[in-house]
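# Examining the three-dimensional arrangement
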Amino acid sequence: MTRAQTRVVVLGGGPGGYEASLVAAQLGAAVTVVEAEGIGGSAVLTDCVPSKTLIATAQVLARARESGQLGLQLLAGDGWAPVDLAAVNSRVLALAAAQSADIAESLRSRGVQVVTGTGRLAGRDAGPRGGHRIAWSAPGLNGQPGLNGQPGLNGEPGLNGEPGLNGEPVAGGELIADVVLVATGASPRVLPGAEPDGERILTWTQLYGLAELPDHLVVVGSGVTGAEFAGAYRSLGARVTLVSSRDRVLPGEDADAAGVLQDVFARRGMSVLARSRAASVTRTDDGVTVTLTDGRRVTGSHCLVAVGSVPNTSGIGLVEAGVELTGSGNVAVDRVSRTGVPGLYAAGDCTGVLLLASVAAMQGRIAMWHALGDAVTPLDLDQVCANVFTDPEIATIGPPPDDSVRAVTLPLAGNARAKMQGFGDGFVKLYCRPATGILTGGVVVAPGASELVHPLSLAVADRLTVDQVAQAFTVYPSLSGSIAEAARRLHTRALA
Ligand SMILES: Cc1cc2nc3c(=O)[nH]c(=O)nc-3n(C[C@H](O)[C@H](O)[C@H](O)COP(=O)(O)OP(=O)(O)OC[C@H]3O[C@@H](n4cnc5c(N)ncnc54)[C@H](O)[C@@H]3O)c2cc1C
């Protein structure tokens with residue numbers, strides 16, 4: 001079978017699915033992506049893009065609030081105008097919708113067929129080529145609401161995939177694929193006893209419906225999502241209480257970085273309750289009560305429950321197709337995104353490998369390179385860089401350090417550019433192998449750390465030594481100067 005004859009069906013149009021579709025189309029396959037909610041997936045419509053857009057607004061306000069030390073007094077005293085959250089949220093949602101439309105257009109312009117509907121594996125095809133059957137149905141078929149209660153398309157669905165208005169198939173149908181990529185993502189985990197009502201008890205997907213800034217937001221969960229929203233809402237001016245079941249915020253991140261953030265949160269007036277596990281969240285007349293497992297109660301006006309996510313893997317024919325699911329319901333895949341079933345691949349949050357859009361996209365691309373016989377390098381998690389979009393940001397590259405690496409930490413308080421810009425929270429931490437000086441990873445805690453980490457990512461990917469990193473020019477004055485300086489210090493220590 002040539003690539004042009006290969007029929008690829010992608011289930012789910014998030015980063016895992018749309019990036020895979022672009023690669024498969026580039027390699028000449030006939031590609032169809034079936035997406036239930038909107039191209040771009042949760043990443044674009046409810047998770048990554050909206051949250052980072054909201055955070056961009058919050059960061060401007062945080063900078064402005066702390067600009068007194070720069071000699072500015074924009075408004076007398078602390079008299080900031082209240083945030084117009086309805087305007088902020090409508091910008092967030094419009095930007096997300098536009099981003100989704102851009103990606104859908106990019107897919108269509110490269111020949112990818114986009115089907116709006118919910119798909120599932122429906123067994124093997126009896127024809128000579130075999131292949132996987134994928135049944136799909138449009139939202140609203142037979143009067144059933146679509147996912148998230150959305151109404152059906154144009155009211156009147158066609159039948160059996162007949163074209164509807166605008167020539168788009170609207171009812172449902174069946175596709176046959178030689179290669180299937182399952183990239184169905186994940187959904188917010190619901191804590192029993194803390195079911196979201198969309199008004200006061202919220203998941204992260206529901207925050208953008210708020211018309212006014214919460215008076216007091218209680219955030220349950222101090223992982224990346226909880227910390228990002230807690231920080232952003234505090235910067236926007238809400239009172240915030242962060243309920244953490246662990247000793248500190250961001251239990252999965254570098255302990256020094258989490259310590260910096262926790263100090264910043266405290267300085268900005270956030271209340272962090274450590275070792276506090278939420279047992280339930282209930283509505284009161286004018287707000288919410290969060291009851292902790294030790295009986296304490298925390299009251300607020302709203303509660304965001306951010307306690308992780310569950311993979312969207314049930315009811316889509318995976319088990320029937322012979323696909324192995326892990327104990328947590330994720331699709332088990334290898335480093336080239338294969339499931340154990342020939343022709344069936346999976347990528348992104350549904351695999352639970354690392355819940356990042358960048359990893360989903362890479363898994364999707366790898367799947368297509370492998371399936372369509374192109375050159376492929378298996379996924380290497382040691383090269384993943386990730387960022388927590390708090391203020392300051394926390395960017396990490398490489399595996400967590402162990403005793404075998406040599407490390408140096410350089411506080412940014414001594415960096416000339418940081419002083420000029422008026423911030424002192426943060427550091428650069430680098431790790432290398434003592435014998436060779438090869439850089440294995442690092443952590444950057446700084447405003448804009450997500451941009452600063454890229455040279456480290458290149459260095460890790462290309463196995464550069466700390467000397468090579470140190471000898472490349474940096475701009476003076478610059479925060480990146482501290483990266484080169486940290487690398488220089490590792491040279492001294494390596495010789496010691
Ligand atoms: C609040 C928040 C902020 C985040 N911020 C970042 C960030 O800054 N950077 C980062 O790298 N990652 C971030 N992430 C993680 C990132 O959003 C996910 O890792 C990413 O969305 C995973 O992509 P995906 O393609 O696997 O799934 P998704 O983006 O979830 O897309 C899956 C798609 O599949 C569709 N689907 C599901 N079932 C079916 C079906 N049966 N038929 C058809 N379609 C179906 C869904 O409608 C959905 O559109 C964030 C996550 C959260 C919760």
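Here's a quick rundown of the structure. Nothing here was measured: the structure is a model prediction, and the numbers come from that model. (Residues numbered from 1 in each chain as written. Predicted model: local features only at pLDDT ≥ 70, side-chain atom pairs only at ≥ 80, totals over all residues. Heavy atoms only, no water.)

### With respect to the site of the ligand
- The local shell around the ligand holds 35 residues, among which Gly16, Glu35, Gly119, Asp349 and Ala357 are the closest.
- Contact between the ligand and Ala43: an oxygen atom at 3.1 Å from a main-chain N or O atom of the residue.
- Within the side chain of Asp349, one N or O atom sits 2.7 Å away from an oxygen atom of the ligand.
- Across the shell around the ligand, the residue classes tally to 15 nonpolar, 15 polar and five charged. (Near = heavy atom within 4 Å. Polar contact = N/O pair within 3.5 Å; in protein donor to acceptor, adjacent residues only side chain to side chain. Nonpolar A, V, L, I, M, F, W, Y, C, P; charged D, E, K, R; others polar.)

### Here's the deal with unusual backbone geometry
- Backbone torsion omega between Asp391 and Pro392 reads 5°, so that peptide bond is classified as cis.
- Tracing the backbone through its elements, the reader meets Pro392 in the loop between β19 (385-388) and β20 (393-397).
- Omega for the peptide link from Tyr476 to Pro477 comes to -10°, which places this bond in the cis form.
- Mapped onto the fold, Pro477 is located in the loop between α11 (466-471) and α12 (480-495).
- You will see that Leu250, though not glycine, has its phi angle at about 45°, which is positive.
- Here Leu250 lies in the loop between β11 (239-243) and α6 (255-267). (Helix = DSSP H or I, 4+ residues; strand = E, 2+ residues; numbered from the N terminus.)

### Brief notes about the state of the cysteines
- Scanning the entire structure with this criterion turns up zero disulfides.
- Cysteine Cys385 shares no disulfide, and the gap to the nearest cysteine sulfur, in Cys48, comes to 13 Å.
- The class of Cys385 is partly exposed, set by a relative accessible area of 27%. (Disulfide = S-S within 2.5 Å. Buried < 20%, exposed > 50% of the residue type's maximum accessible area, 1.4 Å probe, protein only.)

### Quick look at helix α1 (residues 15-26)
- If you check α1, its first and last C-alpha atoms are 16 Å apart, about what 12 residues at 1.5 Å a residue would give, namely 16 Å.
- Where burial is concerned, most of α1 is hidden: 11 out of the 12 residues are buried.
- Of the residues making up α1, those classed as buried are Pro15, Gly16, Gly17, Tyr18, Glu19, Ala20, Ser21, Leu22, Val23, Ala24 and Ala25.
- Buried residues along α1 sit in contact with β1 (7-11), β2 (30-35), α2 (41-45), α4 (85-109), β7 (179-182) and α7 (357-371).
- Among the residues trailing α1, Gly28 stands out with phi positive, at a value near 100°. (Expected span 1.5 Å × (residues − 1). Contact = heavy atoms within 4.5 Å.)

### Some points on the sheet that holds strand β9 (residues 201-202)
- The five strands are arranged β9-β16-β10-β11-β12 in an open sheet whose pairing can be described as parallel. The strands lining the two open edges of the sheet, one partner per strand, are β9 and β12 (271-273).
- As defined by bridge partners, strand β10 (residues 216-220) adjoins β11 across five bridges and the pair is classed as parallel. Looking across to β11, one finds that His216 is bridged to Arg239.
- Sitting on the sheet, helix α5 (residues 224-236) is in contact with β10, β11 and β16 (302-305), with an inclination near 165° to β11. (Pairing = 2+ DSSP bridges. Axes fitted to C-alpha atoms, helices over the stretch in contact; angles between N-to-C directions.)

### Some thoughts on α4
- Taking 1.5 Å as the rise per residue, α4 with 25 residues should run 36 Å; its terminal C-alpha atoms sit 36 Å apart, in good agreement.
- Listing the buried residues of α4 in full gives Leu85, Val88, Asn89, Val92, Ala96, Ser100, Ile103, Ala104, Ser106 and Leu107.
- Contacts from the buried residues of α4 go to α1, β2, α2, α3 (48-65), β3 (113-116) and α5.
- Two residues or fewer past α4, Gly111 is found with a positive phi of approximately 90°.

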